[in-house]
Amino acid sequence: MSAKGKVLVAMSGGIDSTVTALMLNEQGYEVIGITMKTWDYSSSGGSKKETGCCNLDSFNDARMAAVQHGFAHFILDIREEFGDFVIDNFVDEYLSGRTPNPCVLCNTHIKWRALLKRADALGCDYIATGHYAKIRQHENDRFVVSKAVDETKDQSYVLWGLQQDLLSRTLLPLGGYRKTEIRQMAMDFGYPELAKKSESYEICFVPDNDYRGFLKRRVEGLEQRVNDGNFVDKHGLILGKHKGYPFYTVGQRKGLDITFGKPVFVTKIDADTNTVMLGNEEDLERNEMTVGNLNLIKYDSVTPGMEAATKIRYKDKGTLSNLYPFEPTHTLSVRFYENAKGITPGQSAVFYEGDDVIGGGIIQSGIQS
């Protein structure tokens with residue numbers, strides 16, 4: 001038994017998770033690798049073969065690294081629990097006129113819980129992943145997620161939903177390194193091809209990146225049901241016809257199939273009336289929003305008026321704001337110091353204090369006062 005403890009490492013077969021496992025193994029942890037099969041792409045009716053984290057080559061790459069370095073490796077089939085929750089939510093959100101972030105939901109409710117369950121069964125002290133973020137215990141004894149050293153790769157935004165029992169058992173060894181250093185480590189470990197491996201940013205169950213096609217295949221008769229809805233302006237004037245409200249997202253400019261001689265953007269989606277509102281770029285600006293489904297990380301509560309830098313999308317730099325909780329609804333109001341652009345219901349809002357994640361939630365609506 002290792003003095004450092006036993007750790008279950010999620011291994012996708014990619015560079016980050018592989019280097020995570022090899023690094024922890026080299027540091028003296030007793031490592032067990034596990035690769036999770038989340039989705040059988042052939043059942044989605046897509047046009048391409050499986051790619052990303054759920055293909056046979058990735059499974060073999062993960063297993064080979066484990067074998068070569070002398071630690072155990074397992075493949076875990078979580079397709080059933082993944083599909084029921086993540087994919088059903090993905091479809092339901094689009095049908096409600098919102099734009100979901102399934103990777104956040106998967107991390108929060110599926111992958112970490114599945115890992116912890118198997119870690120307990122295998123007698124592991126910790127679980128570990130290849131995410132670029134840091135975890136530490138704060139002076140208030142809570143476990144805090146904070147930004148990675150490499151801000152271009154930082155993934156703290158997608159980890160806002162992790163609860164304290166998960167964070168207390170999680171190791172994120174890549175948070176202190178830059179991606180260039182991880183590529184060099186892969187070379188040093190003897191995996192030059194892995195070091196050059198491209199990264200996938202696709203949703204794992206929509207690897208052809210065609211979420212509209214996925215929705216059409218998933219929901220029988222959807223296209224006929226929502227076709228020929230109205231594009232309207234902010235005054236309700238009909239501007240033309242669209243292909244169905246679920247096939248648009250707030251902030252979208254391209255692919256509208258309607259021209260005005262100037263750029264127009266989707267500014268609002270109404271599922272009940274099958275209308276898609278269009279406007280100028282300025283019409284996307286909001287100075288307030290409501291956020292629900294909260295999970296707090298750094299503190300166990302939000303004091304009214306607490307200042308935070310709020311990110312409304314993964315690559316957002318964050319906008320200074322004040323937070324006002326609505327007790328006991330797990331909802332709060334975010335009031336921005338300056339207008340935020342493209343607030344999208346269904347996406348994640350994550351609140352930062354410096355590099356630390358205060359918490360996050362799901363955007364309900366944007367408000368212009």
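Right above here is the structure, for reference.
Here goes a summary of the coordinates provided. What you see is a predicted model, and the numbers here were worked out from it, not measured in a lab. (Residues numbered from 1 in each chain as written. Predicted model: local features only at pLDDT ≥ 70, side-chain atom pairs only at ≥ 80, totals over all residues. Heavy atoms only, no water.)

### Quick word on the overall build of the protein
Stated precisely, the cut-off is as follows: Runs of H or I in DSSP of at least four residues are treated as helices and runs of E of at least two as strands, each being numbered from the N terminus. In this description the radius of gyration comes from C-alpha coordinates, and the expected globular size is given by 2.2 Å times residues to the power 0.38. In this scheme, a residue with accessible area under 20% of its type's maximum is buried, one over 50% is exposed, and one in between is partly exposed, where area comes from a 1.4 Å probe on protein chains only. Note on contacts: a residue pair qualifies if any of its non-hydrogen atoms lie within 4.5 Å across the two residues. Using a 1.4 Å probe, accessible areas were evaluated by the Shrake-Rupley method; residue-level cover was limited to the displayed protein chains. As used throughout, the charge tally considers Lys and Arg to be positive and Asp and Glu to be negative, leaving His and the chain termini uncounted. A single reference atom marks each charge: NZ on Lys, CZ on Arg, CG on Asp, CD on Glu.
Of regular secondary structure, the protein possesses 9 helices and 17 strands. Relative to a compact globule of 369 residues, whose C-alpha radius of gyration would be 21 Å, the protein shows 22 Å and is just as compact. Its C-alpha atoms put the protein at 70 × 50 × 35 Å along the principal axes. Counting every position in the protein, which comprises 369 residues, the buried fraction comes to 53%. Within the protein, counting contacts between residues at least 6 apart in sequence, those at least 24 apart form 65% of the total. Working note: accessible area of the protein is about 17,300 Å², and carbon and sulfur atoms make up 48% of it. Mean positive and mean negative side-chain charge positions of the protein (43 and 49 charges, respectively) differ by 3 Å.

### Looking at the sheet that holds strand S3 (residues 72–77)
Here is the rule we go by: Strands are labelled as partners when DSSP assigns at least two bridges between them. To get an axis, fit a line to the C-alpha atoms, keeping to the stretch in contact for a helix; angles then go from 0 to 180 degrees between the N-to-C directions.
The 5 strands are arranged S3-S2-S1-S4-S7 in an open sheet whose pairing can be described as parallel. Each edge of the open sheet carries a strand with a single partner, namely S3 and strand S7 (170–171). The sheet strands contacting helix H1 (residues 15–26) are strand S1 (6–10), strand S2 (30–37), strand S4 (126–128) and S7, and the helix crosses S1 at an angle near 165°.

### Quick notes on unusual backbone geometry
At Asp257, a residue that is not glycine, the phi angle is positive and equals roughly 55°. One can find Asp257 in the loop between strand S9 (238–242) and strand S10 (265–270).

### Focus on the side chain of Glu93
Considering the arrangement of structural elements, one finds Glu93 in helix H3 (residues 79–95). Apart from residues no more than four positions distant in its own chain, Glu93 is found in contact with Arg98, Pro100 and Gly346.

### A closer look at the packing of aromatic side chains
The following threshold applies: When the centres of two rings from Phe, Tyr and Trp lie within 6.5 Å, Trp using its six-membered ring, the rings pair. Their planes under 30 degrees apart give stacked, over 60 give edge-to-face, and anything left gives tilted.
Per the counting criterion, the structure on display carries 8 aromatic pairs. Pairing Phe90 with Phe205 gives two aromatic rings, centres 5.0 Å apart and planes at 90°, and the pair type is edge-to-face. With a gap of 115 residues between them, Phe90 in helix H3 and Phe205 in the loop between helix H7 (192–196) and helix H8 (211–218) connect regions that are remote in the sequence. One exposure class covers both Phe90 and Phe205, and it is buried. Consider the rings of Tyr157 and Tyr314, whose centres lie 6.2 Å apart with planes at 50°: the pair is tilted. One end of the pair, Tyr157, is in the loop between strand S6 (143–147) and helix H5 (164–167); the other, Tyr314, is in the loop between strand S13 (306–311) and strand S14 (319–326), with 157 residues separating them in the sequence. The buried category is assigned to Tyr157, whose relative accessible area is 1%.

### Focus: the pattern of salt bridges
Quick note on the threshold: Each salt bridge in this description consists of a side-chain nitrogen of Lys or Arg and a carboxyl oxygen of Asp or Glu lying within 4 Å of one another.
As enumerated under the stated definition, the model contains 15 salt bridges in all. Among the ionic pairs, Arg136 bridges to Asp356, the shortest N-O distance being 2.8 Å. Taken together, the residues Arg136 in strand S5 (residues 133–137) and Asp356 in strand S17 (residues 356–367) connect sequence positions 220 residues apart. On the basis of relative accessibility, which here comes to 8%, the residue Asp356 falls in the buried class. Among the salt bridges present, the one from Asp283 reaches Lys234, with a minimum N-O distance of 3.3 Å. Linking Asp283 in the loop between strand S11 (275–279) and strand S12 (285–296) with Lys234 in the loop between strand S8 (229–232) and S9, this pair joins segments that are 49 residues apart in sequence. For Lys234, a relative accessible area of 54% corresponds to the exposed category. Linked through salt bridges whose partners overlap, the residues forming this network are Arg136, Lys298, Glu353 and Asp356.

### Here we look at the environment of Glu223
Relative to the elements of secondary structure, Glu223 occurs in helix H9 (residues 222–226). Expressed as a C-alpha distance, the spacing of Glu223 and Phe247, which sit 24 residues apart in the sequence, is 9.6 Å.

### Description of H8
The complete set of buried residues in H8 reads Tyr211, Gly213, Phe214 and Leu215. Against H3 and H9 lie the buried residues of H8.

### Here we look at the side chain of Asp356
Quick reminder of the rule: Here a polar contact means two N or O atoms within 3.5 Å. Within protein one must be a hydrogen donor candidate and the other an acceptor candidate, and residues neighboring in sequence count only if both atoms are side-chain atoms.
Within polar-contact distance, the side chain of Asp356 engages the side chain of Arg136 at 2.8 Å. Asp356 has contacts with Arg136, Val144, Val145, Ser146, Lys298 and Phe351, leaving out every residue within four places of it along the chain.

### Focus: the environment of Ile110
Mapped onto the elements of the fold, Ile110 is located in helix H4 (residues 102–121). If near-sequence neighbours (up to four positions away) are discounted, Ile110 is found in contact with Ile78, Glu81, Phe82, Phe85, Val86 and Leu105.

### Description of the sheet that holds S10
Taking strand neighbours across the sheet as the criterion, the 4 strands line up as S9-S8-S11-S10 in an open arrangement whose pairing is mixed. The open sheet is flanked by S9 and S10, the only strands paired with a single partner. Strand after strand, the sheet turns through a mean of 30° between neighbouring axes, direction not considered. Inspection of the sheet shows S10 paired to S11 by 5 bridges, in the antiparallel sense. When the bridges of S11 are listed, Ile269 appears paired with Val276.

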